[in-house]
Amino acid sequence: MTTLKWFPRLICASMMAISLSATAQNWPTKPIKLITSAAPGGVVDIYARRHQPHLQNELGQAVMVENKPGASGAIAGDAAAKADPDGHTLFMGSQNELGLIGQLGVPVRYDPVKDFSTVGLTIAGYPILMVNAQLGVKNVAELVAYIKAKNTTLDCGGSGTATIGHFVCAAFAVRTGSKIQYVPYKANVPAMTDAASGQVQLVSAFYSEVAPFIASGKLIPLGVFGANRLPLLPNVPTMEEQGLKDLELQSYTVYVVPTGTPVAVQRRLNAAIVKAANHPDVMDKVKAAGGVYFDMNLEETQAWQKRIQSRWNNIVQETGIKLDK
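The structure contained in this document is the topic of the report that follows. This is a predicted model, so every value here is computed, not measured.

Looking at the pattern of salt bridges
Counted according to the given criterion, the structure contains 14 salt bridges. The salt bridge partner of arginine 229 is glutamate 241, with a shortest N-O separation of 3.0 Å. Of this pair, arginine 229 sits in the loop between β9 (219–224) and β10 (251–258) while glutamate 241 sits in the loop between β9 and β10; the two residues are 12 residues apart in sequence, bridging distant segments of the chain. In this structure, lysine 245 engages glutamate 240 in a salt bridge whose closest nitrogen and oxygen atoms are separated by 4.0 Å. Note on lysine 245: relative accessible area 56%, which makes it exposed. Taking relative accessible area as the criterion, glutamate 240 reaches 47% and is therefore assigned partly exposed.

Structural data, given as structure tokens:
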């Protein structure tokens, strides 16, 4: 009697599994839309277009990049969240669209956690805190001691409000108890130029942006906000190595799909993304920019993104930063 009772359910479950398997085997059946919040020519857009031909070769369908800039990424995130969960829409999102903007006061019409499943990593980057060479400090301990000894407030430049540079300056100030005033610029280049000349004393940026200033000796890198040292700056320690734990503020860009996309399709996407990311012309770009990449399967990618995003969310609460309205 029990066997007869459960038999129809077993048949239904088996048919569903067969159907999902067939869906994954037949997928993709049409061009794939790749949505990004970057404007054409932006950093994220460049990576999307670097990956594009390799994804097309792996998946056997055209991959069409669709730029939807605006509203701090909320426009692109909303469009991606509302797409059909059939694997034909990818969204290249960052820590911003996938968690921060809602906390920062930007109105969003989607849930960054519930509406997406992460399927692959594009690139991760570690911001660097730098100081004007004339201050004569070479590490975190010396900087903190300098601020306390002088009983002064130092200016820390970065591009805009609620950007990675803002979080780096604010989080460092909170964790060390140092008097640091954030100075927002329209872009990182003028912020770094002013830091090099001494108009501001500190600045935060990524290696690709600040490499010339480091090479000239005008800016001294004090520490990296990442899990590991940067291959291009092997002598610069991480913040954790200097006693500041859980201050891993790495930026990241990942591929996500709408929740409900079949897991088998997600696995195929992950495999294609890993191959595309490891292609020489993509990896050379990552290395030259001082970025990092990790080969991760679907479950590893999802766990990694969740961990990094959780840390970012905690930093928002810790610093109290909000976007200007």
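Now that the structure is up, let's keep going.
Here we look at helix α2 (residues 43–59)
Taking 1.5 Å of rise per residue, the 17 residues of α2 would be expected to cover 24 Å, and the 24 Å separating its terminal C-alpha atoms lies within 8% of that figure. If you look at α2, its biggest bend is around 35°, right at glutamine 52, and the proline proline 53 turns up within four residues after that. After α2 finishes, the residue glycine 60 shows a positive phi value of roughly 75°.

Here we look at the packing of aromatic side chains
As enumerated under the stated definition, the model contains 5 aromatic pairs in all. Aromatic side chains phenylalanine 167 and tryptophan 312 sit 5.5 Å apart centroid to centroid with 75° between the ring planes, which places their arrangement in the edge-to-face category. Here phenylalanine 167, found in helix α6 (residues 164–176), pairs with tryptophan 312, found in helix α11 (residues 298–319); they are 145 residues apart in sequence, far enough to count as distant. The two residues phenylalanine 167 and tryptophan 312 agree in class, both being buried. On the numbers, 6.0 Å between centres and 55° between planes, the contact of phenylalanine 294 with tryptophan 304 is tilted. With phenylalanine 294 in the loop between α10 (280–288) and α11 and tryptophan 304 in helix α11, this pair connects stretches of sequence that are 10 residues apart. For phenylalanine 294, a relative accessible area of 26% translates into the label partly exposed. The rings of Phe91, Tyr110 and Phe116 are connected pair by pair, giving a single aromatic cluster.

Side note on the nonpolar core
The nonpolar side chains of soluble globular proteins are, as a tendency, buried together. Counting 82 residues, the largest nonpolar core has Leu129, Leu143, Phe172, Leu202 and Val210 as the members making the most contacts within it. Of the residues forming this core, the biggest block, 8 residues, is contributed by α6. Sequence-distant contacts of valine 210, defined by excluding residues within four places in its chain, comprise Ile128, Met130, Met192, Ala205 and Leu219. Listed in part, the 19 residues of the second largest apolar core include Val119, Tyr255, Val257 and Leu298.

With respect to the pairing of strand β5 (residues 128–132)
Within a regular strand, side chains alternate between the sheet's two faces. In terms of burial, β5 is largely enclosed, as 5 of its 5 residues are buried. Inspection of the sheet shows β5 paired to strand β8 (residues 202–205) by 4 bridges, in the antiparallel sense. When the sheet's bridge partners are listed, methionine 130 is paired in β8 with valine 203. The pairing of β5 with β9 spans 5 bridges and is antiparallel. Of the residues in β9, the one forming a bridge with valine 131 is isoleucine 220.

Structural notes on unusual backbone geometry
The linkage connecting tryptophan 27 with the following residue, proline 28, adopts the cis geometry, with an omega of -5°. We note that asparagine 151 has phi near 50°; this positive angle belongs to a residue other than glycine. You can see asparagine 151 is positioned in the loop between α5 (140–150) and β6 (154–159). Phi at aspartate 246 takes a positive value of approximately 55°, unusual for a residue other than glycine. Note that aspartate 246 resides in the loop between β9 and β10. In this structure aspartate 246 comes out as partly exposed when scored by relative accessible area, which is 49%.

A short note on α10
Taken as a whole, α10 has its buried residues at Val282, Met283 and Val286. All buried residues of α10 fall inside an arc of 90° around its axis, so they share one side. Turned more than 90 degrees from where α10 packs its buried face, Pro280, Asp284 and Ala288 sit exposed. On the buried face of α10, the contacting elements are α2, β4 (116–125) and α9 (263–277).

Section: the sheet that holds β6
Taken together, the 5 strands give an open sheet; going across it, the order is β7-β6-β8-β5-β9, and neighbouring strands pair in mixed fashion. Pairing within the sheet leaves two strands with one partner each, and these edge strands are β7 (180–185) and β9. Pairwise comparison of adjacent strand axes, ignoring direction, gives a mean angle of 30° for this sheet. In terms of strand pairing, β6 meets β7 through 6 bridges, oriented parallel. Paired with serine 159 across the two strands is tyrosine 185, which belongs to β7. Contacts from α5 reach β5, β6, β7, β8 and β9, with the element oriented near 125° to β6. Running over the sheet, α6 touches β5, β6, β7 and β8 and is turned about 175° from β7.

Parameters and conventions
- Residues numbered from 1 in each chain as written.
- Predicted model: local features only at pLDDT ≥ 70, side-chain atom pairs only at ≥ 80, totals over all residues.
- Heavy atoms only, no water.
- Salt bridge = Lys/Arg side-chain N within 4 Å of Asp/Glu carboxyl O.
- Helix = DSSP H or I, 4+ residues; strand = E, 2+ residues; numbered from the N terminus.
- Buried < 20%, exposed > 50% of the residue type's maximum accessible area, 1.4 Å probe, protein only.
- Expected span 1.5 Å × (residues − 1).
- Bend = angle between axes of the 7 residues up to and from the residue.
- Phe/Tyr/Trp six-rings, centres within 6.5 Å; stacked < 30°, edge-to-face > 60°.
- Core = buried A, V, L, I, M, F, W, Y, C linked by side-chain atoms within 4.5 Å.
- Contact = heavy atoms within 4.5 Å.
- Pairing = 2+ DSSP bridges.
- Arc of directions from axis to C-beta.
- Axes fitted to C-alpha atoms, helices over the stretch in contact; angles between N-to-C directions.

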